[in-house]
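# Working through the structure, step by step
Chain by chain, the residues run as shown.
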Amino acid sequence: MTELAWRLTRLGGRSALLSTGLTALAVAVATLLLQFAVAGNFAFAERADRTAWRDPAAATGSASAVIATAADHFGGDSVTRVDLAALDGDAPVPPGMDAFPAPGEVWLSPAAADLLEGVPAADFLARYGDVRVAGELGAEALAHPNELVAVVGRDAADPAMHAERTSADGVSPREVDSFAGGSADAVYGFYMILMVLAAILMAVPAAVFGAAAARLTVARRDERLATLRLIGATPGQVMRLTLIETTLAAAAGAVVGTLAWMLVTPLVALIPIDGGRWYVGDLWAGAPWMVAVAAAVPALVAVSSLIGLRSVVISPLGVARRVKTKGLKAIRLVVFAVLAIAFMVGSNMVGGDMVAVAILIGLFAATLAAVNLVGPWIVQKLGRLLARTARGPARLLAARRLADDPKAAWRAVAGVAIAGFVAGSVAMFPMLQTDTGAQGTETVATTVPADEADVLAADLAARLGDTAEVAVVDSSGYLTAGDGRAVIEATTTGEQLEAVRSTMTAALPGNPPEREVDSSIMSNRLVGSVRTGVTVVLAVVFATAAVSAAISAIGSVLDRRQAYRLLHLAGTEQEVLDKARRQEALLPLTVIGGASILTGMVLTMPVIGAMGFDASGALILGATVAAGVVAVVAAGALSRPLLRSVMRDVSPRPD
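My aim in this report is to walk through the structure given alongside it, one point at a time. Here, residues in each chain are numbered from 1, in the same order as that chain's written sequence. Given that this is a predicted model, residues contribute local features only at a pLDDT of at least 70 and side-chain atom pairs are listed and counted only at 80 or more, while totals for whole chains, interfaces and linings are drawn from all residues. The side-chain numbers reported here are obtained from all heavy atoms of the structure, hydrogens and water having been left aside.

### Some thoughts on the overall build of the protein
Formally: Here a helix means four or more residues in a row that DSSP labels H or I, a strand means two or more in a row labelled E, and each is numbered from the N terminus. Relative accessibility thresholds used throughout: buried, under 20% of the residue-type maximum; exposed, over 50%; partly exposed, between the two (1.4 Å probe, protein chains only). Residue contacts follow a heavy-atom distance rule, with two residues in contact if any of their heavy atoms lie within 4.5 Å.
For the protein, the helix and strand inventory stands at 19 helices and 11 strands. A buried classification covers 50% of the 655 residues belonging to the protein. Across the protein, contacts joining residues at least 24 apart in sequence account for 82% of those joining residues at least 6 apart.

If you want it as structure tokens, here you go:
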């Protein structure tokens, strides 16, 4: 059977080989994108695991060390500070270090060392006392290569190893006997949810594209298989022949796509998320997962090809005579509407429960996939409407094509339509960032125990002298006195900001001093990560759409080459056919693309609307529409030479 499949492909000439190559190319692209989507979820888990040592479990028996953490600030950057003190000579060595830090030693991450190069000690290192830089942290201690981390060795009697941390991003002093089994930063849970959404937004179009690969040049294959059925081939033989032909091409494409992913992984690792690029190893999902993804796409192609054989198996004579198929059912629209409404209702009701969030994500994925279900139905209705109102041969040809074979017409614009849905869903996400640079006058504040506030404020004022005005206040920015705490603030100039902050950190152990605007550093990082994620998702989705449009356009020409030859022999000019092909793509794209964008915006409006809107979203949407139109027009132009060749080639074909 394999030999027969190869013989039929070879006898089909260049067009048959080209269609097989197109299937392999489509599967390669889909596999590459799916490998990317899967790897991203593992990457954040790797970051979370490497940072868990900073929040280890408290010792259940005798402790050997004390750990505390806080978030220091330098300019517009946040520096994670880990304070360590040994209780005995058996203190465990922290990850990424050669030895437990001795009092007076500071270990910096490579990025922190670069940031502080040439910076006066008074502006940063002085906040940890009389210290020296003892070394750089290894990758095992860092979330990513660009993370800013300072590990400070202290004496167990140091006040910093006893002062409580009340800020959300700090860990109060804790006695430990190991750095294993710690808790990852909660921010990575948020990033993992976003990555799941991003994976869905990339994986669904890729999966649709991969499934459509089995339907490229489907008319040519169906006619050939119908002929085999009519001369005695059994349904089982036809199914095996189809599986061999499509699965072998898909398997080759899956291998190429996986190898391509391995080659581009170092480039993908340069994408900055959460303030830094990736370690290449983070994007390695592991051989079992990569093999599973590589096998899933050919399996999807095989299932899609078998589903497409229903007409050949049931009515081969009807296929051979090109009997018009029945119209698509409106149940497609009902399914899409039910899923969309369920998602909108769920997004208004869901709370912080992870099960509910998972269900909501599943509904969104199903709604996105249902775009591929309702698309052909809309195309068919549009074709019938245009056929009744057509004026001119090009419009009539386009309308009849849309009405007679809506699934094939949809495949030409499906990628762009789904991309429009994705763009409408994410493009309006607010991406405003706050300026965290130093101003002319700055106020830095922190909370301290209320019964010690006056003494600590007097000591701080003596240390600062004329460089800042110190006061005990009821509130400063977002900090408010209460629950046994008081607020000490220092007002200084922008030039003296870091020196004053260093002095306050050394004098007031506990929560690091902050400006009100410092709270925006984390939100800026999140917004920047979302902006990068949206850009990457849209780039991936539209790259998929562009490749899909190009391959579908070429496949459409190969599929209808006999009709084009007959039209050419009947006197139809290529200009008319080109115009009909453009309208066949642009007319449904205008209707479905616009509806997809609007639907995506409506679905996510309850979630995004509560965060406010950013005008840059309109620019993203505009670029989305322009990119989609250009992709479809370029796909048509790319297939024009093939159309010219097909029209001029009137020789009989063996298939």
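### With respect to the sheet that holds strand E8 (residues 469–473)
Basically, it comes down to this: Whether two strands pair comes down to DSSP finding at least two bridges between them. Think of each axis as a best-fit line through the C-alpha atoms, taken over the contacting stretch in the case of a helix, with angles from 0 to 180 degrees between the N-to-C directions.
With respect to topology, 3 strands assemble into an open sheet ordered E7-E11-E8, the strand pairing being antiparallel. Two strands bound the open sheet, and with one partner strand each, they are strand E7 (441–449) and E8. In this sheet, adjacent strand axes meet at a mean angle of 25 degrees when their direction is disregarded. Of the pairings in the sheet, the one linking E7 to strand E11 (residues 485–493) comprises 9 bridges and is antiparallel in character. Of the residues in E11, the one forming a bridge with Ala445 is Glu489.

### Here's the deal with the sheet that holds strand E6 (residues 171–176)
Ordered by their spatial adjacency, 6 strands build an open sheet running E4-E3-E5-E2-E1-E6, and the pairing between neighbours is mixed. Strands at the two margins of the open sheet, each flanked by one partner only, are strand E4 (132–136) and E6. On average, each strand axis in the sheet is inclined to that of its neighbour by 25 degrees, with strand direction left out of account. Taken together, the 6 bridges between strand E2 (residues 77–86) and strand E5 (residues 149–154) define a ladder with parallel strand orientation. Bridge pairing links Arg81 to Ala150 in E5.

### Focus: unusual backbone geometry
One non-glycine residue with positive phi stands out, namely Asp274, at about 60 degrees. Within the secondary structure, Asp274 is located in the loop between helix H6 (235–268) and helix H7 (287–307).

### Remarks on the pattern of salt bridges
We apply this condition: Note on definitions: salt bridges are taken to be side-chain nitrogens of Lys or Arg within 4 Å of carboxyl oxygens of Asp or Glu.
Per the stated rule, a full pass over the model turns up 19 salt bridges. Among the ionic pairs, Arg525 bridges to Asp274, the shortest N-O distance being 3.9 Å. A residue pair is termed long-range when its members are at least 10 positions apart, and Arg525 in helix H16 (residues 519–559) and Asp274 in the loop between H6 and H7 qualify at 251 residues. Since its relative accessible area comes to 25%, Arg525 is described here as partly exposed. Put simply, Asp404 and Arg400 hold a salt bridge, and the shortest N to O gap is 3.7 Å. Taken together, the residues Asp404 and Arg400, both in helix H12 (residues 393–404) and 4 residues apart, mark about one turn of the helix. With a relative accessible area of 45%, Arg400 lands in the partly exposed category.

### Re H12
Selection criterion: Each residue after the first adds 1.5 Å to the expected span of a helix.
Between its first and last C-alpha, H12 extends 16 Å over 12 residues, near the 16 Å set by a 1.5 Å rise per residue. Restricting attention to buried positions, one finds in H12 the residues Ala394, Ala398, Ala399, Arg401, Leu402 and Ala403.

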